[in-house]
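# Chain and residue survey
Here is what each chain is made of, one letter per residue.
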Amino acid sequence: MTKIAFTINGKQVSSDVEGRTLLVDLIRDELKLTGTHVGCDTSQCGCCTIQLDGDMVKSCAMLAAQADGANIVTIEGLADGDKLHAVQQAFTECHGLQCGFCTPGMIMASVGILKANPNPSDEEIVKGLEGNLCRCTGYVNIIKSVKRAAELMKV
Amino acid sequence: MRLIQGHGRYASDWNMAGQLFAAVLRSPHAAARIVRIDTAAALNAPGVRAVLTHADAEQAGFKSIVGGVALKDRNGQPMKKPHYPVLAKDQVAYVGQAVAFVVAESATAAQDATELIEVEYEEQPAVVEFADAVAPGAPRVHQDIEGNVAYVHEHGDAAAVEAAFARAHRTTRLKVDSQRLVCNPMEPRACLAAFDAATGRYTLHAPSQGLIGARTHIEQITGLPAKDVDLIVEDVGGSFGIRGTPYPEYFMAMLAARTLGKPVKWVGSRSDTFLSDYHGRALALCGEVALDETGRFLAFRWTDEINLGAYAGPFGAFIGTQNVSITSHGVYAVPAVYVRSTLAYTNTTPISAYRGAGRPDIAYAIERLVDQAAFEHGFDPLELRRRNFITPAQMPFKTATGPTYDSGDFPAVMEHALKASDWAGFPARRKESEARGRLRGIGLASYLEAAGAGTFNKDQTAARVGDDGRITIFCMAGGSGQGHETTFVGVFADELGVEQGVIEYRASDLAAADLIGNGTGGSRTAAGQGSAFKALARALIEKARPLASALLGGEADYADGRFSAGGKSVGLIDLARKMARGADGRHPLDCEAEASSPATFPNGCHVAEVEIDPDTGVTDIIRYTSIDDLGNVLQPMLVEGQVHGGVAQGWGQVFGEHAVYDRESGQFLTASFMDYAMPRADWLKGTFTRESHPVPTATNLMGAKGVGESGCSGSLPALMNALMSAVRPLGVKDLQMPVTPVVMWRTLNQTARKAA
Amino acid sequence: MYAFEYLRAGSLAEAGDLLSKNPEAKILAGGQTFIPTLKARLAQPTHVVDVARIKDLAGITVTADAVTIGAMTRHVEVGNSAEVRKAIPALAALALEIGDQQVRNRGTLGGSVANNDPAADYPSAVLALGATIITTSREIAADDFFQGMFATALAEGEIIKAIRFPIPKRAAYSKFHHPASGYAMAGAFVADTAKGVRVAITGAGASGVFRWSDAEAALAKSFAAAALAGLKVDDSNCIADLHAGSDYRAHLAAVMTKRAVQKITG
Ligand SMILES: Cc1cc2nc3c(=O)[nH]c(=O)nc-3n(C[C@H](O)[C@H](O)[C@H](O)COP(=O)(O)OP(=O)(O)OC[C@H]3O[C@@H](n4cnc5c(N)ncnc54)[C@H](O)[C@@H]3O)c2cc1C
Ligand code: FES
Ligand code: FES
């Protein structure tokens with residue numbers, strides 16, 4: 001067992017984990033933050049995307065032990081109190097989700113896109129989403145949502 | 001709002017105190033006899049509480065997994081349905097079939113223990129393709145089904161078709177495959193089951209499209225009365241047809257929960273989805289059309305080959321029978337149609353309904369056949385369609401063998417699409433592409449769907465009024481991304497003329513209201529449940545009217561959410577707040593309603609324009625146009641989203657998705673996202689234009705026709721016709737899905753070589 | 001995943017120590033290959049030694065004739081490094097074609113090169129640029145390093161510290177993404193270096209990354225796409241699987257080479 005401590009959505013947490021515990025399992029099963037989803041076992045779908053020390057990563061492709069000392073934000077920690085993050089706002093406005101299962105990962109990936117590039121073109125958005133799968137929306141409204149979020153973030 | 005903040009509750013998000021965890025051991029073989037299962041070592045592993053096998057399921061009285069409708073062929077022969085045990089008994093018939101169910105204190109302990117179960121298999125030869133299964137001397141998937149043929153379906157008038165072909169001026173024949181797909185909703189299956197010994201009731205969380213269907217199946221398979229099972233479903237991460245009925249893990253979790261006295265949770269992986277969710281499509285349709293000298297269609301003849309997989313899945317047999325027959329005329333006035341489908345078992349995962357379940361397949365086959373006929377006999381493909389369309393003047397139109405189309409304006413919808421896609425400007429665009437060394441093609445499809453054929457002939461809804469006057473409305477359709485919350489609240493609030501904020505929608509809450517109704521499926525929800533909510537609003541007004549009249553002292557009129565009489569008025573919600581609950585706890589305005597809505601026929605015309613890079617075989621979609629007649633559209637944004645999703649899934653089938661099995665060993669070769677090409681955000685390189693061309697139906701209160709599958713039905717033929725249009729000039733005679741880059745490259749190469 | 005013990009090394013010495021003490025231990029870098037492998041139960045180490053935080057393995061240094069990149073440098077850092085972009089833009093561009101943003105935020109140069117996946121991108125740059133792999137015990141030339149699918153010259157417990165890339169006169173990478181996995185179905189890295197033109201092909205070779213000598217010779221004579229006309233990659237040593245035959249992969253390799261040259265010549 002390895003003792004680890006990190007910050008998640010502004011809260012300091014610590015835990016004793018087995019070497020093989022995945023970060024996503026710790027987040028979902030122990031911390032009960034079930035907004036981060038698991039959609040695959042080969043790290044292809046992006047449903048599990050979280051922000052780790054400012055970078056978007058797939059929490060299914062990390063051991064919990066690797067996150068020792070990190071600062072993590074999950075979908076639950078994105079809004080500022082009652083105020084939605086611009087990307088959340090945009091997904092709502094543009095109908096960027098249907099079943100919602102891919103959505104937390106899509107939103108986190110979109111936040112990542114806009115952090116690196118506040119003015120992305122359609123092509124850049126598409127490239128930024130290459131690690132995320134959605135089966136419902138055909139991506140059209142997701143791409144729209146990211147564009148809209150870029151606008152919202154400017155004001 | 002919940003979903004964008006991570007507060008959704010999908011099946012794997014539920015937990016209960018003291019829960020145990022399960023893992024499934026699956027068959028590594030496509031066909032094998034099970035000689036022996038030894039669970040001793042697994043049982044002794046740390047943390048393991050139970051290892052259940054077929055013996056346990058049998059002891060619990062579990063019956064065969066239900067194989068859909070009871071079909072009888074024209075000779076009165078019933079469909080042959082092998083027993084489909086919840087856990088494999090003495091044989092396994094596909095890779096991934098569930099063999100044992102391990103329950104332990106942690107998910108990893110359960111997973112570890114599956115490796116300690118010793119199963120002695122005696123491998124047998126496997127067949128995975130339809131042609132191999134029905135070939136003389138083929139290995140039998142089930143010992144008692146000779147020739148592996150489950151059923152032969154016939155529909156229509158064979159003799160009339162025969163006669164039409166005999167006097168036809170020209171004929172065209174085209175066989176198209178609709179390859180096996182994995183449906184892959186983004187949420188892998190999961191369940192959590194608990195048993196309360198005191199009440200004898202079960203609680204089950206599982207991703208399900210509709211509660212009634214699921215509970216009926218649970219009752220049929222486990223023998224537990226449906227009323228003893230509380231199936232609780234809040235959010236479902238996509239279903240597309242395959243999540244309408246329960247799966248083996250759910251029954252085993254219920255059994256384990258009862259035996260062990262603790263809740264049991266199972267969370268499937270994507271690998272479980274690939275191997276054990278029902279698959280989709282897996283059929284080939286061979287169409288023939290007879291034409292007279294002017295190009296008018298005299299008859300269609302369909303000879304279909306349906307690969308059922310190893311067992312009869314819940315809706316497996318529907319696809320190749322009812323669903324490919326109901327719209328086998330397409331949008332055309334065809335005097336004679338005959339359909340003959342052969343359904344065969346193979347050593348593959350059973351199929352069930354997936355996004356349209358046969359309807360996109362037949363739409364695809366028709367529209368490719370029409371293009372092919374135009375090409376072979378020198379007709380302009382648009383002109384050939386115009387000549388054969390059923391016209392608005394002919395509505396309602398009784399098809400030769402099938403249903404009556406109630407409404408539609410197919411010629412106008414096509415003209416709309418031609419305009420919106422700038423069809424006329426295509427030759428210039430093609431020249432421009434050619435100058436860059438690219439091949440360009442344009443393709444069109446006038447599709448027609450049948451929607452709204454539910455298991456129940458009506459849908460029921462209920463309203464429950466709170467002390468604060470807020471109204472909660474219920475129906476039986478579970479949501480999985482179709483936006484029911486918004487749609488139903490909108491319909492109901494609009495009809496009442498009240499603010500949406502005072503209405504709350506809850507799906508499938510059996511404790512609150514005991515209703516019947518159809519699950520989400522067959523794209524019928526908007527028309528069916530929507531109509532029932534409209535009726536519910538009307539019922540509520542009528543229930544409130546006498547109370548309002550009494551309060552206002554005169555016969556009350558209702559408008560915009562208020563009753564008024566003699567200069568006085570009261571708002572509906574205020575009125576509700578004023579009323580006291582009855583002795584039975586019911587609010588005086590609580591009410592129920594129902595509506596029946598027969599099948600509707602959504603239709604439309606899609607145009608795809610593609611560009612091919614002959615160096616790599618990669619195809620880009622340059623523009624996509626979809627003009628749809630979905631009747632009255634309740635929520636344009638939601639409908640548009642459904643169409644986008646359907647078209648993207650169509651793109652997936654046309655360009656990449658394919659569940660590939662090894663022909664010899666029956667191993668499943670594309671069973672992960674590393675090998676199975678899903679559409680990603682980059683699938684559409686150009687623009688997507690979608691416009692409505694509504695011709696409302698009078699057959700339901702909403703005037704709606706349904707939407708769910710139209711994206712697939714339009715995109716498969718439009719895209720494939722576009723590809724053919726790009727490569728026909730080079731001498732390419734045929735293309736079959738999926739047209740991956742390598743397939744396109746090879747086709748172009750071979751054609752060039754032949755030409756040289 | 002099978003159970004294992006997680007160990008974090010603070011220094012190279014500590015890592016070496018942990019690895020030598022535990023013969024069944026494995027190195028963990030970004031984990032973008034190794035963790036999926038563990039999840040699929042395709043590896044069963046007793047210990048996993050996390051080297052990602054070792055300072056000696058980090059950092060990018062540029063001299064007049066070479067760029068040296070620490071093994072733990074993540075793909076995103078290589079891709080966005082102003083220095084790498086200036087010195088070897090093709091290498092930065094390649095890094096940004098690996099996987100997706102999430103993978104690039106974790107995966108490392110050292111991990112990719114040590115793993116030598118036949119469909120990985122970095123090996124083509126290492127080979128085409130004639131880079132040197134600097135390990136805890138020696139320096140290995142690229143031409144000697146890659147030894148077939150998933151096989152390298154690395155000895156047990158030997159750790160890649162950094163990779164030194166000579167700065168070419170000009171270079172470009174062109175990749176054809178696998179439709180499902182996004183890895184290279186075929187990728188060509190073309191470099192015009194002080195030691196001549198070098199062309200490395202990844203994704204296609206049945207024994208991993210390889211140099212396409214016919215193309216190198218043709219481009220040495222005339223550095224233009226036209227020089228490649230009629231040249232074919234020998235498909236007898238190309239991967240054939242359910243996604244594509246060896247002929248298609250060989251063909252793609254040639255097309256990607258042509259496109260890489262066109263990127264350079266404009
Ligand atoms: C979804 C997805 C998509 C991907 N797409 C691509 C792609 O398109 N192209 C591509 O090239 N790659 C791709 N990858 C792989 C990715 O680039 C990996 O990051 C990389 O191959 C391995 O680097 P790592 O740091 O993650 O190493 P790890 O996964 O931690 O380790 C990989 C192997 O190398 C060994 N190792 C690691 N570091 C060292 C060292 N310094 N010295 C000696 N041995 C070491 C480890 O023991 C292990 O065996 C993808 C991965 C994923 C999950
Ligand atoms: S669950 Fe992490 S990428 Fe799919
Ligand atoms: S909204 Fe359902 S998977 Fe994306």
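How each quantity is defined
Going along each chain's sequence as written, the residues are numbered from 1 onward. Lettering for chains starts from A, numbering for ligands starts from 1, and both go in the order in which the items are written. Predicted model: local features are reported for residues with pLDDT of at least 70 only, side-chain atom pairs are reported and counted for 80 or more only, and whole-chain, interface and lining totals are derived from all residues. Note that the side-chain values use all heavy atoms of the structure and ignore hydrogens as well as water. Following DSSP output, two strands are said to pair if at least two bridges run between them. In this description a helix means any DSSP run of H or I spanning at least four residues, a strand means any run of E spanning at least two, and both kinds are numbered starting from the N terminus. Residue contacts are counted whenever heavy atoms from the two residues lie within 4.5 Å of one another. Axis definition: a line fitted to C-alpha atoms, over the contacting stretch in the case of helices. Angles run 0 to 180 degrees between N-to-C directions. Only protein chains enter the area calculation, which uses a 1.4 Å probe; residues under 20% of their type maximum are buried, those over 50% are exposed, and those in between are partly exposed. In protein, a polar contact means a hydrogen-donor-capable atom and an acceptor-capable atom, both N or O and within 3.5 Å, with residues adjacent in sequence counting only if both atoms are side-chain atoms; elsewhere, any N or O pair within 3.5 Å suffices. Domain borders in the structure are assigned automatically or taken from a domain database. Accessible surface is computed with a 1.4 Å probe, and the buried area is the amount of it that two parts give up when combined, taken over both parts together. Should a side-chain nitrogen of Lys or Arg be within 4 Å of a carboxyl oxygen of Asp or Glu, the pair is scored as a salt bridge. Under the grouping applied here, Gly and all other residues not named as nonpolar or charged are polar, the nonpolar ones being Ala, Val, Leu, Ile, Met, Phe, Trp, Tyr, Cys and Pro and the charged ones Asp, Glu, Lys and Arg. Each C-beta atom gives one direction from the helix axis, and the arc is the one those directions make. Throughout, the protein atoms alone are placed on a 1 Å grid, and a set of points is a cavity if a 1.4 Å probe fits but cannot get out or a pocket if it is open with protein on both sides within 12 Å along at least five of seven lines; lining residues have an atom within 4 Å of a point. Grid points are joined across faces, edges and corners, and a volume is the space filled by probe spheres set on the points. The near set for a molecule or strand comprises every residue that places at least one heavy atom within 4 Å of it. Areas reported here follow the Shrake-Rupley algorithm with a probe of radius 1.4 Å; residue values treat only the protein chains shown as occluding.

### Remarks on the sheet that holds strand S10 (residues 184-193) of chain C
All names here are of chain C. Spatial strand order, S9-S10-S11-S12: four strands in an open sheet with antiparallel pairing. Taken across any chain shown, the strands that pair with only one partner, and hence form the sheet edges, are strand S9 (170-177) and strand S12 (210-211). The sheet contact formed by strand S11 (residues 196-202) and S12 spans two bridges and is antiparallel. Bridging from a neighbouring strand, alanine 200 pairs with arginine 211 of S12. Helix H10 (residues 213-221) rests against S10, S11 and S12 of the sheet, and its axis sits at about 150 degrees to S11.

### A word on the pairing of strand S28 (residues 603-613) of chain B
All names here are of chain B. Within S28, eleven of the eleven residues are buried, leaving the element largely enclosed by the surrounding structure. Residues Asn603, Cys605, Val607, Glu609, Glu611 and Asp613 of S28 are buried on one face, and the alternating residues Gly604, His606, Ala608, Val610 and Ile612, pointing to the opposite face, are buried as well. Of the strand pairs in this sheet, strand S20 (residues 439-448) and S28 are connected by ten bridges, and their pairing is antiparallel. Looking across to S28, one finds that glycine 443 is bridged to alanine 608. Summarising the sheet, S28 and strand S29 (residues 618-629) pair through eleven bridges and their orientation is antiparallel. Within the sheet, the bridge partner assigned to cysteine 605 lies in S29 and is isoleucine 627. Taken together, S28 and the strand that follows it, S29, pair antiparallel across an intervening segment of four residues, in which glycine 617 is found at a positive phi of about 80 degrees.

### A short note on the side chain of serine 352 of chain B
All names here are of chain B. In this fold, serine 352 is placed in the loop between strand S17 (336-345) and helix H10 (359-377). The exposure class assigned to serine 352 is buried, which follows from its relative accessible area of 2%. A distance of 3.2 Å separates a polar atom in the side chain of serine 352 from the backbone nitrogen of phenylalanine 315. Aside from chain neighbours lying at most four places away, what touches serine 352 is Tyr278, His279, Gly280, Pro314, Phe315, Gly316 and Ile319.

### As for the environment of alanine 206 of chain B
With respect to the helices and strands, alanine 206 of chain B occurs in the loop between strand S11 (201-205) and helix H6 (211-222). Owing to a relative accessible area of 4%, alanine 206 of chain B belongs among the buried residues under this scheme.

### Considerations on the domain arrangement of chain C
Residues and elements named next belong to chain C. Looking at the assigned domains, one finds that chain C contains domain 1 (5-50) and domain 2 (58-265). The C-alpha centroid of domain 2 is placed 26 Å from the C-alpha centroid of domain 1. Contact residues are listed per partner, giving eight residues for domain 1 and twelve residues for domain 2. Interface area for domain 1 against domain 2, summed over the two sides, is near 800 Å², with a carbon-plus-sulfur share of 70%. Looking only at domain 1, the three residues that lose the most surface to domain 2 are Leu12, Ala29 and Gln32, adding up to 50% of its buried area. For the pair domain 1 and domain 2, the interface holds zero salt bridges. Where domain 1 meets domain 2, there are zero residue pairs in polar contact (both at pLDDT 80 or more). The element that contributes the greatest number of residues to the side of domain 1 that touches domain 2 is helix H1 (residues 12-21), accounting for three residues. When the residues that make up the side of domain 1 that touches domain 2 are grouped by side-chain class, the tally is five nonpolar, three polar and no charged.

### With respect to helix H5 (residues 158-166) of chain B
Residues and elements named next belong to chain B. Residues Val161, Ala164 and Phe165 constitute the buried set of H5. Seen along its axis, H5 keeps its buried residues to an arc of 100 degrees; they face one direction. The exposed residues of H5 that point more than 90 degrees off its buried face are Ala159 and Ala166. For H5, the N-terminal cap is aspartate 157; the gap from its side-chain oxygen to the backbone nitrogen of alanine 159 is 3.2 Å.

### Quick notes on empty space enclosed by the protein
All names here are of chain B. For the structure shown, the criterion picks out six cavities of 30 Å³ or more. Computed from the structure, the largest cavity encloses a volume of approximately 60 Å³. Surrounding the largest cavity, Arg26, Tyr84, Pro85, Val86, Tyr94, Gly96, Gln97, Ala98, Pro248, Glu249 and Ser276 form its lining. A per-class count over the lining of the largest cavity returns six nonpolar, three polar and two charged.

### Comments concerning the site of ligand 1
With respect to spatial proximity, 32 residues lie near ligand 1, and among them Ile27, Gly31, Phe34, Thr108 and Asp121 of chain C are the closest. The environment around ligand 1 is built from residues contributed by chains A and C. Here an oxygen atom of ligand 1 sits 2.7 Å away from a polar atom, N or O, in the main chain of glycine 31 of chain C. Note that an oxygen atom of ligand 1 is positioned 2.7 Å from one of the backbone N or O atoms of glutamine 32 of chain C. The protein chains hide 95% of the 970 Å² of surface that ligand 1 would expose on its own. Looking at the shell around ligand 1, the elements that each hand over two or more residues are strand S2 (25-28) and helix H7 (109-115) of chain C. Residues of the shell around ligand 1, tallied by class, amount to 14 nonpolar, 14 polar and four charged.

### Focus: the domain arrangement of chain A
All names here are of chain A. Each assigned domain of chain A is listed here: domain 1 (2-77) and domain 2 (86-154). With centres defined by C-alpha atoms, the gap from domain 1 to domain 2 works out at 21 Å. The interface is formed by 17 residues belonging to domain 1 together with 15 residues belonging to domain 2. Summing both sides of the interface, domain 1 and domain 2 together bury roughly 1,200 Å²; the carbon and sulfur share of this comes to 64%. It is His37, Met56 and Ile75 that lose the most area in domain 1 upon contact with domain 2, and together they represent 42% of the buried surface on that side. The tally of links from domain 1 across to domain 2 stands at zero salt bridges. Here domain 1 and domain 2 share six residue pairs in polar contact (both at pLDDT 80 or more) between them. Among the secondary structure elements, those contributing two or more residues to the side of domain 1 that touches domain 2 are strand S3 (49-52) and strand S4 (55-58). With three residues, S3 is the largest single contributor of residues to the side of domain 1 that touches domain 2.

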